[in-house]
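Per-entry structural report
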Amino acid sequence: IFRIVRMQAMLKEHNPDKDIVIEAGTLEAMKCALDDINKLPLARIVDELIKWAKYKHFFRLLSDYHILGYIHENFELARGLDQKTKYHKYDTLEHILRTAEAGYDFYPNENPGFYLWLLFHDIGKPTQFLAQRQFEPKSKDFYLAKELNAHEKVGWEIVRKIFQYTPKDISNIIFSIVERHQD
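Position numbers for residues count from 1 along each chain, tracking the sequence in the order it is written. Where totals are concerned, whole chains, interfaces and linings use all residues; where local detail is concerned, this predicted model gives features only for residues with pLDDT of at least 70, and gives and counts side-chain atom pairs only at 80 or more. Computation of side-chain values covers all heavy atoms of the structure but excludes hydrogens and water.

**Comments concerning the packing of aromatic side chains**
For Phe, Tyr and Trp, where Trp contributes only its six-membered ring, two rings pair if their centres lie within 6.5 Å, and the inter-plane angle classes them as stacked under 30 degrees, edge-to-face over 60, or tilted in between. Evaluated as defined, the whole model comprises nine aromatic pairs. Ring centres of Tyr107 and Phe114 lie 5.5 Å apart, and the angle between their planes is 75 degrees; this geometry places the pair in the edge-to-face category. On the basis of relative accessible area, Tyr107 is assigned to the partly exposed category, the value being 47%. We call a residue buried when its accessible area falls under 20% of the maximum for its residue type, exposed when it is over 50%, and partly exposed in between, using a 1.4 Å probe and counting protein chains only. Using a relative accessible area of 15% as the deciding quantity, one classes Phe114 as buried. With 5.8 Å between their ring centres and 45 degrees between their planes, Phe114 and Trp117 make a pair best called tilted. Remark: Trp117 and Phe114 occur in helix α8 (residues 112-120); sequence separation between them is three residues, near one turn of the helix. With respect to class, Phe114 is no different from Trp117; both count as buried. Strands are runs of DSSP state E lasting at least two residues, helices are runs of H or I lasting at least four, and both sets are numbered from the N terminus onward.

**Comments concerning the side chain of His72**
Along the chain, His72 turns up in the loop between α5 (68-71) and α6 (73-78). Only 3.0 Å separates the side chain of His72 from the backbone nitrogen of Asn74, close enough to count as a polar contact. In this analysis, two residues are considered to be in contact whenever any of their non-hydrogen atoms come within 4.5 Å of each other. Apart from the residues within four sequence positions on either side, His72 is in contact with Ile123, Ile158 and Ile162. Under this definition, polar contacts are N or O atom pairs within 3.5 Å; protein pairs additionally need one hydrogen-donor-capable and one acceptor-capable atom, and for neighbouring residues in sequence, both atoms have to be side-chain atoms.

Listed below in structure tokens is the structure:
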């Protein structure tokens, strides 16, 4: 699955004017095999993310095919999670993806840790929001529970587990910025 998505991202990168699509039968086989991702060691998945983070469309395609949720459930929980603040006009997942894509536009050829930081910078928001709903079930104010469970601290715990065996030149970028991106 990762190889197919990687190839599509690579082809999109080199052929930006062409609509690169996966053949219907292959796409159907991918959908049938999605649950097999859970059988892969997390370290293997992280290796794939690091290897292919250099392609701007890779993360978007992982999202389009609902693969990000297999990396961490908060990506799927972020889909449609409305942030409704003066700083955010997209749902949480779209915000995450657009932030990552902007990183490629403004900072091409960065360390993969930079692009992974952008992808994971708000990974704690769904957890924070769900915790908030327990205490304020009728509230639609996303940041009401900031003092209860700040999303950057939750995000740091998530990335610490995901990237614990990643080379330090990559993991240090992810850890330090995810934890402190609200400073």
